[in-house]
Structures are given as structure tokens and as C-alpha cells.
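# Commentary on secondary and tertiary structure
Each chain, letter by letter, is given below.
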Amino acid sequence: MNRRFKSLAATLSSVLLTLFGLTVLTFLIGRVMPVDPVIAAVGDNAPEDVILRVRTEMGLDQPIPVQFLHYLYQLAHGDFGMSVLTKNPVAQDIVRFFPATFELATAALLLAALIGIPLGVWAAVRRGSFTDQAIRVVCLAGHSVPVFMLSLISLLVFYSALDIAPGPGRQDIVYDGMIDTVTGILTIDTLIAGDLGAFWDALAHMAQPVIILAYFSMAYIARMTRAFMIDALKGEFVITARAKGLTLTKVIWGHAFPTVAVQLVTVIALTYAGLLEGAVVTETVFSWPGIGQYLTVSLMNADMNPVIGTTLLIGLIYVGLNLIADILYRVLDPRVK
């Protein structure tokens, strides 16, 4: 019990220290960027007295330590400031845009894991064969070609040339504004509304960005699975299982793969965090109204409050997923308890 308490205390301390470092980092981002948030809010042609008044209202005339304490107070109350572009509180914008990114990244991760893990296992079992070499080449290509290039090629071929895929955006203009927002996840909201036409349209619009993100992630998951499985297949317990006459399927999935599954937890957790973060480029190319596009547009227009808010959100997601992976490690691997 004492050991578990120490382990739990160490984990919580690590998380709190990481969160504090994240708040310091985001605070510094807002102060070192060559953008005056007051000018961004009131405009270049605002009178001097207005600039001074707004600077005082925003607390930017205070010493840096006081500004940092004010920043912590705002964060504790879920206040990320106002967006100059949308004229909305940043927290409200994040709630509106994040479900689209969540939907895209979750679908891509599921597809990547369902394909990448069996491919990695297959490549490890057939190590050195033509199948192994072919899978390695496919994975290398997926991890080497930039996502934005794949996205542009996909739009050029399947939308522009062949006309078999819908264009950018999350939905056709026919369904725009027709579905009430309940969860923000469009495929679920269309099912709740009972509109199958809108549901299939939403799925069709998701296909290209999901497949491209999944291909990139699948390549990484398959390569890591292959490496883990090669080590596992060399284990004495696998040789013993083979000596007992068990079928190859039982040896692979019943004995070798469970030892690999623990390591894959971390790989999948970091891949998911990378998808939520890395969807920035994909969302921009496909005009996907998610948190990545919101961040890009805000950054291009020097609207710093959304930039800081979304950076903090992405950091929190990384911390949260690492914490979940750590908990799963303790559940799946008795040696870590």
C-alpha cells in the first residue's frame, strides 16, 4: 500500500509539474510574440487614450509576475480571453471547433490501429520475406511523404480529376445548417436527427482526410508493432509454446502478442495525441472546421488568445493521454504495480 501511494504521489507530482510548465510556456508565448495584443484588439488606428485604457483593462501595464498570477486566475476559471476574429470567448470557440477535430482524429486512429497492428504482426512473423519487405516499403512511404502533399494529391485525383469524392469541407451546402448540434460530432448528430442522407454525406466528406491521417499513423504503428513482435517471438515462452505443438495462430495471438500489447498502449496514446495536434495541416487543406484550422487562422491574423488557448488544450491532451497510458500500464502489466 505504501509503495502504491508513493507511486501515485510521484505520478500526480509529475502531472502537476508538467501542467505548471505548460502554463508558463503558454504565458511566455503570449509575451514574446512580436504582436501587441492591445493593437490586435483595438486596431492600428485607435486613439492613444483608447490604447492606454484597453492596456490597463487587460492588465498589461502590470509587472510580469502580477500578469502571470492574473493569467493563472483566468485559467482556473476557464477564461482564455476573447478572440478578436470571432468576437467570442476562446473557450466557447474551442467547445465549438474541438468536436470536429476529435471526430477526425478518433476515426483515423481506429482505422490506423485496425490495419497497422495486424500488418506489423504479419511482417514480424514473415520477417525477411517479400511480404515483410513490401509492408516495410509501404510504411516507410507513409511516414516519409508529407501529409499536406498526400492531401493535395488526393483532392487533385479523387475530387478534381475522377470526381468520385466530395470536395473540401465537412458537409455539402445542401445540408448546411439542417442538422441541430447536439454533440458537435456530425456523424452522431445526423443519426440523432434521423437524417441518413446527411449521415452518408458526412461520412463521405470524412473519408479523404481520415484515410490520409490513418495512413500516416498506420505506418508508425505497424513499424513499432513489427519491432516489438520480433523481440517477443524470440522469447523462450514462445519456443516452449511451439514445442507443445500449439498452432501458429495461438502462439502469435495468445502468447506473443499480449506481451506486445502493453508497449503498444504508449505508441497508440502518443499517436492519438499526435493526430489531434497534427490535424492542423490536414484541416487547413480540406477546410475542415476543427481546432487545427481555428489555430492556423488565428495565428495568421495575430489573434494570440486563441493560439494560446489551443496550445494549452493540445498540451493538456498530451498530459491526459500520457496519464491514461500510465494507468493502463499498471493495469495490464503486473510487474509495474
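All of the points below concern the structure found in this document. (Residues numbered from 1 in each chain as written. Predicted model: local features only at pLDDT ≥ 70, side-chain atom pairs only at ≥ 80, totals over all residues. Heavy atoms only, no water.)

## Focus on the overall build of the chain
- The secondary structure content of the chain amounts to 13 helices and 0 strands.
- Mapped from its N terminus to its C terminus, the chain presents α and β elements in the order α-α-α-α-α-α-α-α-α-α-α-α-α.
- For the chain, the spread of C-alpha atoms along the principal axes amounts to about 85 × 60 × 40 Å.
- Buried residues in the chain amount to 39% of all 337 residues.
- By sequence separation, contacts in the chain at least 24 residues apart represent 71% of the contacts at least 6 residues apart.
- Of the accessible surface of the chain, which amounts to about 18600 Å², a share of 68% is contributed by carbon and sulfur atoms. (Helix = DSSP H or I, 4+ residues; strand = E, 2+ residues; numbered from the N terminus. Buried < 20%, exposed > 50% of the residue type's maximum accessible area, 1.4 Å probe, protein only. Contact = heavy atoms within 4.5 Å. Areas by Shrake-Rupley, 256 points an atom, 1.4 Å probe, with all protein chains shown as cover.)

## Observations regarding the packing of aromatic side chains
- Taken as a whole and judged by the stated rule, the model has 8 aromatic pairs.
- With a centroid separation of 5.1 Å and 65° between ring planes, the pair formed by Phe 199 and Trp 200 is classed as edge-to-face.
- Geometrically, the ring pair formed by Trp 253 and Phe 257 is tilted, given 5.0 Å between the ring centres and 55° between the ring planes. Pair noted here: Trp 253 and Phe 257 are both in helix H11 (residues 248–285), with a separation of 4 residues, about one helical turn.
- Trp 253 sits in the partly exposed class, given a relative accessible area of 40%.
- Among the aromatic residues, those joined into a ring-pair cluster are Phe 20, Phe 27, Phe 68 and Tyr 71. (Phe/Tyr/Trp six-rings, centres within 6.5 Å; stacked < 30°, edge-to-face > 60°.)

## Quick notes on a positive patch on the surface
- A cluster of basic residues, Arg 127, Arg 136, Arg 223 and Lys 234, forms a positive patch on the protein surface.
- Along the polypeptide, Lys 234 turns up in the loop between helix H9 (196–233) and helix H10 (236–243).
- Classification of Lys 234 by relative accessible area gives exposed; the value is 54%. (Patch = residues over 30% accessible without salt bridge, like charges linked within 9 Å, V, L, I, M, F, W, Y side chains within 5 Å. Salt bridge = Lys/Arg side-chain N within 4 Å of Asp/Glu carboxyl O. Lys, Arg positive; Asp, Glu negative; His and termini not counted. Charge placed at Lys NZ, Arg CZ, Asp CG, Glu CD.)

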